[in-house]
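Here is how the chains run, residue by residue.
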Amino acid sequence: MNNPLDSLWGTVISGVVLTVVLYFVVKTLIGG
Amino acid sequence: MDFVPALARWLHFMAGVMWIGLLYYFNFVQVAALKAAATDNTAAGITKHVAPRALFYFRWAALVTWLAGAALLGGNFVSAFTLQPGHAAIGVGAWLGTIMLFNVWGLIWPNQKKVLGLKPATDEEKNRARRVAFLASRTNTMLSIPMLFFMAAGAHTSLYFG
């Protein structure tokens, strides 16, 4: 499997996915 | 006006723009430029004259950004880093920024010194250093996306979390 960080688009998409995941983590933490 | 947080926020923004701006320059511009330059032997212009200057402002802007951010958190520093409910959003942003600062000073800069010939290294060491620095830089580009989201969300929690 290729490393997504080798491509610029893979890097950006990974960042967006991580943002969504962390958003729901924080939403849970603040009781939203 | 409360001068310390006001000046810290201003400094945090200015240094942050320089840090992340140069990070995006490296990842969106310089990596592709070096690849193209390798085909006509013009890469030295970038590695000798551009990259060392860009790295100088990049690494020091990273440190100033973090210190100004810490000053801005002030008494909320521990609450943020322990992700307490009222400070969880800015806390996640602060953790991501801290990991990125470590990547700059612990991985990117020491390895770039070998790549650029500022520190003696064999060709094998240079190749390995180039890969480590590249992946750390790409990791920071990836982390910058949620980091900037949570910096914005931390200052406007109700807008982002309802």
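Visitor: Residue-level account of the overall build of chain B, with values.
Guide: Within chain B, the regular secondary structure consists of six helices and zero strands. Mapped in sequence order, the helices and strands of chain B form the string α-α-α-α-α-α. Across its three principal directions, the C-alpha atoms of chain B cover 55 × 25 × 25 Å. The 162 residues of chain B split such that 34% are buried. For chain B, long-range pairs separated by at least 24 residues make up 69% of all intrachain contacts whose partners lie at least 6 apart in sequence.

Visitor: Before we move on, could you go through the interface of chain B and chain A and cite the residues and values that matter?
Guide: Between chain B and chain A, the residue contacts involve 18 residues of the former and 16 residues of the latter. Those elements that provide at least two residues to the side of chain B that touches chain A are helix H1 (3–39), helix H4 (88–115) and helix H5 (123–155) of chain B. Among the elements that take part in the side of chain B that touches chain A, H5(B) stands out by supplying nine residues, more than any other. For the side of chain B that touches chain A, the per-class residue count stands at 12 nonpolar, five polar and one charged.

Visitor: Run through the confidence of the model for chain B, naming residues and quoting values.
Guide: Residues at a pLDDT of 70 or more form 99% of chain B, whose mean pLDDT is 96. We note a pTM of 0.95 for the whole complex and an ipTM of 0.95 for its interfaces.

Visitor: Summarise H1(B); cite the residues concerned and give the values.
Guide: For H1(B), with 37 residues, the first-to-last C-alpha span of 53 Å sits near the 54 Å given by 1.5 Å per residue. Taking the largest bend as the criterion, H1(B) deviates by roughly 40 degrees, centred on Gln30(B). Among all positions of H1(B), only His12(B), Ala15(B), Gly16(B), Trp19(B), Ile20(B), Leu22(B), Leu23(B), Phe26(B) and Asn27(B) are buried. Looking at the buried residues of H1(B), the elements they touch are helix H1 (8–29) of chain A together with helix H2 (43–73) and H5 of chain B. Phi for Asn41(B), located one or two positions after H1(B), is positive at around 55 degrees.

Visitor: Hey, could you go over the nonpolar core for me, with residue numbers and the actual values?
Guide: With 37 residues, the main nonpolar core has Trp19(B), Phe58(B), Ala89(B), Val92(B) and Phe150(B) as its most contacted residues. Elements supplying a minimum of two residues to this core: H1 of chain A together with H1, H2, H4 and H5 of chain B. Every residue in contact with Ala89(B), bar those within four places of it in the chain, is listed here: Val26(A), Phe150(B), Ala153(B), Gly154(B), Thr157(B) and Phe161(B).

Visitor: Now, about the packing of H2(B) against H4(B): what can you tell me, with residues and values included?
Guide: Residue and element names in this part refer to chain B. H4 packs onto H2 with a crossing angle of 155 degrees between their chain directions and a minimal axis gap of 10 Å. As judged from the angle between their axes, H2 and H4 are roughly antiparallel. At the point where H2 passes H4, the crossing takes the left-handed sense. Listed contacts from H4 to Leu 55, Arg 59, Ala 62, Leu 63, Trp 66, Gly 69 and Leu 73 of H2 are Ala 94, Gly 97, Thr 98, Leu 101, Val 104, Trp 105, Trp 109 and Gln 112.

Visitor: So what about the environment of Leu18(A)? Which residues, and what values?
Guide: Its location among the elements puts Leu18(A) in helix H1. With 17 C-beta atoms counted inside 10 Å, the residue Leu18(A) sits in the partly exposed group. In this structure, Leu18(A) is in contact with Met142(B) and Pro146(B), ignoring residues within four places of it in sequence.

Visitor: Residues and numbers for the environment of Ser144(B), please.
Guide: By the secondary structure assignment, Ser144(B) is in helix H5. Distance in space between the C-alpha atoms of Ser144(B) and Met100(B) is 8.0 Å, their sequence separation being 44 residues. What Ser144(B) contacts, discounting residues up to four positions off in sequence, is Gly15(A), Ile20(B), Leu23(B) and Met100(B).

Visitor: Lay out H4(B) with the relevant residues and their values.
Guide: Residues and elements named next belong to chain B. Over its 28 residues, H4 extends 38 Å from the first C-alpha to the last, a length consistent with the 40 Å expected when each residue adds 1.5 Å. Helix geometry: H4 is bent most strongly at Val 104, by close to 35 degrees. Count one or two residues on from H4 and you reach Gly 117, which has phi positive near 80 degrees.

Reading guide: rules and limits
- Residues numbered from 1 in each chain as written.
- Chains lettered and ligands numbered in written order.
- Predicted model: local features only at pLDDT ≥ 70, side-chain atom pairs only at ≥ 80, totals over all residues.
- Helix = DSSP H or I, 4+ residues; strand = E, 2+ residues; numbered from the N terminus.
- Buried ≥ 20, exposed ≤ 12 C-beta atoms within 10 Å, placed from the backbone.
- Contact = placed C-beta atoms within 7 Å.
- Nonpolar A, V, L, I, M, F, W, Y, C, P; charged D, E, K, R; others polar.
- pLDDT = per-residue confidence, 0-100.
- Expected span 1.5 Å × (residues − 1).
- Bend = angle between axes of the 7 residues up to and from the residue.
- Core = buried A, V, L, I, M, F, W, Y, C linked by C-beta atoms within 7 Å.
- Axes fitted to C-alpha atoms, helices over the stretch in contact; angles between N-to-C directions.
- Parallel < 35°, antiparallel > 145°, perpendicular 65-115°, else oblique.
- Left-handed = near helix turned anticlockwise from the far one by under 90°.

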